[in-house]
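An overview of the molecular structure
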Amino acid sequence: NATPADGAGRLAGRAEAILDALRFVEDHQIEVRSRPKEIKYDRGGQFIWPVYTLKHPFFFTTALPKETPKDEDAQLLGVRQNILYSIDGKEFKRATEGDKFNDYTYSQFYIWHDGDKDTAMLLFLDKRYMLPQLWVSYIRDGKVVGYGPIEKPWVETPVFGSVVHVKDSIYRVYYLHKKQDGRTVLRAVDIDGEKLHNPYPYPSLSEREKRLKEDLERFSQCQVKNDLECIYSYFDPVAQQKYPFGTFKQNAENFKVEIKEYTCKGKVLKDSFIAWVQCEYTYKLPPRLMGIEIREQDRQRKDKSSGYWVYIKDQWRMVFQSFPGMNLIQW
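Residues numbered from 1 in each chain as written. Predicted model: local features only at pLDDT ≥ 70, side-chain atom pairs only at ≥ 80, totals over all residues. Heavy atoms only, no water.

1. With respect to the sheet that holds strand β10 (residues 170-178)
The antiparallel open sheet is built from 3 strands, whose spatial order is β9-β10-β11. Here the strands that pair on one side only, and so sit at the sheet edges, are β9 (161-167) and β11 (184-192). In this sheet, adjacent strand axes meet at a mean angle of 25° when their direction is disregarded. Across 9 bridges, β10 lies against β11 in antiparallel orientation. If you follow Ile-170 over to β11, its bridge partner there is Asp-192. (Pairing = 2+ DSSP bridges. Helix = DSSP H or I, 4+ residues; strand = E, 2+ residues; numbered from the N terminus. Axes fitted to C-alpha atoms, helices over the stretch in contact; angles between N-to-C directions.)

Next comes the structure, spelled out in structure tokens:
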């Protein structure tokens, strides 16, 4: 029963709300320059996303932390982009406010949002479980009430989706899901923002450290035993998609390198799902390698390597490098 006048009124209201948000951004830039030490984040990128339905100027943006990481753990993790929001000219807050993990653990990217006069729901891409996943964050009266994933932590969701307000605290999220048989299907789920939480609790840091030690010991044993299936099980999921087991097995059998000793030690970085692992190993080369004859005194070698491991599906996995320093999986 809406009339053209109703539509014009709504458009005018949206335009005014967007102008309010832009004025706020302009004012906030001045505030950032005048009080830089009080604001943790820079203004963000070139994009802002105003929520035009709310009663107060409100917008989402993305930004990197202003502070350059100084400790060794943070430098190994690297700075990551986070989703932020601001309301009524107040300073930026994280869309996952209250999250115990820090700015260096995982990256987030804006996808979509919707809201009514008091609430808003943000749909964003989150990589805290190392695989890209769609998450939502529910905000009421300028505060984050809850946030969590749409799918289970080991289910990868494409970076396409939208969210619409249904009624009260109910929002409907539309997104694409790639099934194991290769088909991509459109899914829709209704989420009550007041009940939103992450149903997949993090194992404690001590438990992750314990599992890292156990996984590294087993991985080392598998290297010495030349148990190719076991070694391959520790490759990260992205590497397993791009590097089939048959190819890995064929390459290993062609090279015929014999591992004599293999030891690894690792450290979980800043209470995260990422570890830095260093390995030392002694191995023996075959008499001929790739058509080249190797002298007996040169066949015994000792070497070491280092790299990232990630915690996925209750197991630590080695981050596979396509080239030195270039990881296939990105967080």
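There's plenty left to go through after this.
2. Section: the state of the cysteines
Here the structure, examined in full by the defined rule, presents 2 disulfides. With a sulfur-sulfur separation of 2.1 Å, Cys-264 is cross-linked through a disulfide to Cys-279. Disulfide Cys-264-Cys-279: the torsion about the S-S bond is 105°, which places it as right-handed. Of this pair, Cys-264 sits in strand β12 (residues 258-268) while Cys-279 sits in strand β13 (residues 274-284); the two residues are 15 residues apart in sequence, bridging distant segments of the chain. Residue Cys-264 shares its accessibility class with Cys-279, and that shared class is buried. For the protein, the bonded cysteines pair up as 1-2, 3-4 when numbered in the order they occur along the sequence. (Disulfide = S-S within 2.5 Å. Buried < 20%, exposed > 50% of the residue type's maximum accessible area, 1.4 Å probe, protein only.)

3. As for the nonpolar core
Counting 45 residues, the largest nonpolar core has Phe-60, Val-277 and Trp-309 as its most contacted members. Considering every element that reaches this core, the biggest residue donor is β13, with 5 residues. Formed by 14 residues, the second largest nonpolar core is a distinct cluster that contains Met-121, Leu-123, Val-163 and Leu-196. (Core = buried A, V, L, I, M, F, W, Y, C linked by side-chain atoms within 4.5 Å.)

4. Examining the confidence of the model for the protein
Interpretation of this model should avoid reading the predicted coordinates in detail wherever pLDDT is low. Averaged over the protein, the pLDDT score is 78; the fraction of residues at 70 or greater is 76%. Taken as a whole, residues 1-8 scores under 50 in pLDDT and shows 2 contacts with residues more than four places along the chain or in a different chain. Below pLDDT 50 for its whole length, residues 27-39 participates in 14 contacts with residues either more than four positions away or in separate chains. (pLDDT = per-residue confidence, 0-100. Contact = heavy atoms within 4.5 Å.)

5. Side note on the sheet that holds β12
The 4 strands are arranged β12-β13-β16-β17 in an open sheet whose pairing can be described as antiparallel. Sheet topology places β12 and β17 (315-318) at the edges, where each strand pairs with a single neighbour. If you compare each strand with its neighbour and ignore which way they point, the axes differ by 30° on average. Sheet topology note: the β12/β13 ladder contains 10 bridges and is antiparallel. By the bridge assignment for β13, Lys-267 is matched with Trp-276.

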